[in-house]
Amino acid sequence: MKLPANGAFMLEPAFDPAAGEGASRDAVGLGSRAHGGLDTRHGTILTLEDISVSFDGFKALNNLNLYIGVGELRCIIGPNGAGKTTLMDVITGKTRPTTGKAWFGETLDLTRLSEVQIAQAGIGRKFQKPTVFEALTVFENLELAQKTNKSVWASLGAKLTGEQKSRIEHTLDTIRLTASASRPAGLLSHGQKQFLEIGMLLVQDPQLLLLDEPVAGMTDAETEFTAELFKTLAGQHSLMVVEHDMGFVGSIADHVTVLHQGTVLAEGSLEAVQANERVIEVYLGR
Amino acid sequence: MNQPLMVTAAHKAGTPLAIAIGVVVAVLLVSMALLSLLPESNPLQVSAYTLTLVGKILCYAIVALALDLVWGYAGMLSLGHGLFFALGGYAMGMYLMREASGDGLPAFMTFLSWSELPWYWYGTQHFAWALCLVVLAPGLLALVFGFFAFRSRIKGVYFSIMTQALTFAGMLLFFRNETGFGGNNGFTNFHSILGFSITSPGTRAVLFLLTVALLAASLYLGWRLARSKFGRVLTALRDAENRLMFCGYDPRGYKLFIWVLSAVLCGLAGALYVPQVGIINPSEMSPTNSIEAAVWVALGGRGSLVGPLLGAGVVNGMKSWFTVAFPEYWLFFLGALFIVVTLYLPKGVIGLLKKRGDA
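The rules we used
Residues numbered from 1 in each chain as written. Chains lettered and ligands numbered in written order. Predicted model: local features only at pLDDT ≥ 70, side-chain atom pairs only at ≥ 80, totals over all residues. Contact = placed C-beta atoms within 7 Å. Helix = DSSP H or I, 4+ residues; strand = E, 2+ residues; numbered from the N terminus. Nonpolar A, V, L, I, M, F, W, Y, C, P; charged D, E, K, R; others polar. Expected span 1.5 Å × (residues − 1). Buried ≥ 20, exposed ≤ 12 C-beta atoms within 10 Å, placed from the backbone. UniProt positions renumbered as here; feature names shortened; annotations may be inferred. Pairing = 2+ DSSP bridges. Axes fitted to C-alpha atoms, helices over the stretch in contact; angles between N-to-C directions. Parallel < 35°, antiparallel > 145°, perpendicular 65-115°, else oblique.

## Focus: the interface of chain A and chain B
Each side of the interface is counted separately: chain A has 23 residues, and chain B has 20 residues. By residue number, the principal contributor to the side of chain A that touches chain B is helix 2 (residues 115–121) of chain A, which donates four residues. Its residues assigned to classes, the side of chain A that touches chain B shows eleven nonpolar, seven polar and five charged.

Here it is in structure tokens:
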């Protein structure tokens, strides 16, 4: 098996794609250091290889392999205890894998970054239970979440620029919370909190969004709207959605991964995995 | 207690009544200091006892405000703020002891037949260095403690217990004669500060006014912080720390900043307390003192800037009256007060006032 190398310590061939077809390429080893920003040369934004997580002998994830492409909308389904939430924990740095590799882009080793560094690198996460800052207003929730310098010193003197303000207002519009902008987030309904949390992810502008059961507790109309929203997001962002609602999964995803006992059971279109013998067996217990 | 109501006013975009009350309180406090300068025969004269008592309560109010910044806003209940207060007080006390003993050793060292000053006493004869120590001693201790506590993600009740243990350890350390801070007697018998007699009405009035100024400044600082994005991050930290981390904020820096700031404010309050009260001893570090500070904040209403000041004022005002009138019953009364507040006034006195105001 070919292990990915750590690009931060490698020399990259000096190659300027802007120079166009046939531009000369220097020999490997004589180039510049790998550049900053997320490197997705090979079209994958997330690479998980042979990930295992065990808690006191119980293997929550077992040699899991998962690749998510740039701009892809991937749904993860699986019965309870299949390891879906643990998978998200591994990606966001909350849980360290016992073994295995986790790469964000080509160069960022997720197993070595802290939760905060991972968030800053561009992975956003929505929790299963909607989690917003209840004492703050809806607008302030978005203000805190938006992409900006998040150090202590920056916060002490931070003022909203007109551009940031209009971005927040635009997002409020998208998640249909403009009318509640100055209400404390704690007073929102369950569904509205879900949307606010999605809005917080949007202003954070991550490259990869992890969404844990985003439509739980939503009305049918809200679910439908969320599906539309996610479809417009895919393309600019990569999304990984964990969901139980098969109708919702069918309406958004072209690519589905089925987890079972911490490992990938099947992968493909929703019809294909639903027709898969082993998936039927696991879900229906035959 | 001069500006708080102005602050609420500004929060609610101005109720003229509140601003008026704030101005009146400020004027009252300043005129108290001036009236204390009148000769004793004058019926309007404010006695030294009253001035010292109010000055003491104002120092406590600063502690309450500092505690509220970490507890009410950032959600970390410290039961050890008395330690920072006492450290500031001891730093000021070192200067006052040196001033009192002139070129010789402080009296308690002579009793222990020490022949020279311990190294940490060097330079304390200079007022400027003592002021630096007032800030540095509590600030550095808070920095080191906070760094490790927040790095290890100690929160909630574990954090409270650790701060409690910290102040208890400090008290035991300062009780020892060998520590070099006067053992259980602490520092007393101060004569002068910067050459001015410490008991003269003029000095008392100036110290009182400085306390009022420090309180006003802390209040302004707290108000600015609470209104800034920093303040909102603290509130977010209190309510959903995980969410905040996944938004890309590192909570450690935020906690450490407010924690150290709070400790320094306490140290400054302690430094103003000691020359006014005339004594500092390790009992200031006793766990009960720190717990009492938490009671002030809870009673007044945490998460607001005015609440803790009200709480400190009300509890200490009642304490000084009660301990004279019914000395045996004070602690029962304090306990009952705390139970009543917890049961019926979860947002403290200020919550009650606000509810009235909204209705």
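## Focus: helix 4 (residues 81–101) of chain B
Residues and elements named next belong to chain B. A rise of 1.5 Å per residue sets the reference length of helix 4, with its 21 residues, at 30 Å; its end C-alpha atoms lie 30 Å apart and thus fit the reference within 8%. Within helix 4, 19 of the 21 residues are buried, which leaves it mostly tucked inside the rest of the structure. Where helix 4 ends, the next residue or the one after it, G102, has phi of about 65 degrees, a positive value.

## Examining the UniProt feature "transmembrane region" (unreviewed entry) in chain B
Residues and elements named next belong to chain B. As recorded in UniProt, the sites labelled "transmembrane region" (unreviewed entry) are residues 17–39, 46–67, 73–92, 127–150, 157–175, 205–223, 256–274 and 329–346. Note that residues 73–92 is 65% helix and 0% strand, and that its end C-alpha atoms are spaced 29 Å apart. With 100% helix and 0% strand, residues 127–150 has its two end C-alpha atoms placed 34 Å apart.

## Comments concerning the sheet that holds strand 8 (residues 123–126) of chain A
Residue and element names in this part refer to chain A. Spatially, 8-9-10-5-11-12 is the arrangement adopted by the six strands of the open sheet, whose pairing is mixed. At either end of the open sheet lies a strand with only one pairing partner, and these are strand 8 and strand 12 (263–268). Neighbour to neighbour, the strand axes of the sheet diverge by 20 degrees on average, direction disregarded. As defined by bridge partners, strand 11 (residues 255–260) adjoins strand 12 across five bridges and the pair is classed as antiparallel.

## A short note on the environment of T95 of chain A
All names here are of chain A. Tracing the chain through its elements places T95 in the loop between helix 1 (84–92) and strand 6 (99–104). Residue T95 is classed as partly exposed on the basis of its 17 C-beta neighbours within 10 Å. In this structure, the C-alpha to C-alpha distance between T95 and E115, residues 20 residues apart in sequence, is 9.3 Å. T95 has contacts with V53, T86, D89 and V90, leaving out every residue within four places of it along the chain.

## Here's the deal with the sheet that holds strand 3 (residues 44–55) of chain A
All names here are of chain A. Spatial strand order, 4-3-6-7: four strands in an open sheet with antiparallel pairing. The open sheet terminates on both sides in strands that have one partner only, identified here as strand 4 (58–69) and strand 7 (108–109). The pairing of strand 3 with strand 6 spans five bridges and is antiparallel. The partner of T47 across the bridge, within strand 6, is W103.

## A short note on the packing of helix 3 (residues 48–73) of chain B against helix 11 (residues 251–277) of chain B
Between two packed helices, the angle of one axis relative to the other and the distance separating the axes together describe the packing. Residues and elements named next belong to chain B. Following both chains from N to C, one finds helix 3 and helix 11 inclined at 170 degrees, their axes separated by 8 Å at the closest point. Looking at the two axes, helix 3 sits roughly antiparallel to helix 11. Where helix 3 approaches helix 11, its residues T52, G55, K56, C59, I62, V63, A66, L67, L69 and V70 are matched on the opposing element by I258, W259, L261, S262, L265, C266, A269, L272, Y273, Q276 and V277. When grouped by side-chain class, the residues that make up the contact of helix 3 with helix 11 number 16 nonpolar, four polar and one charged.

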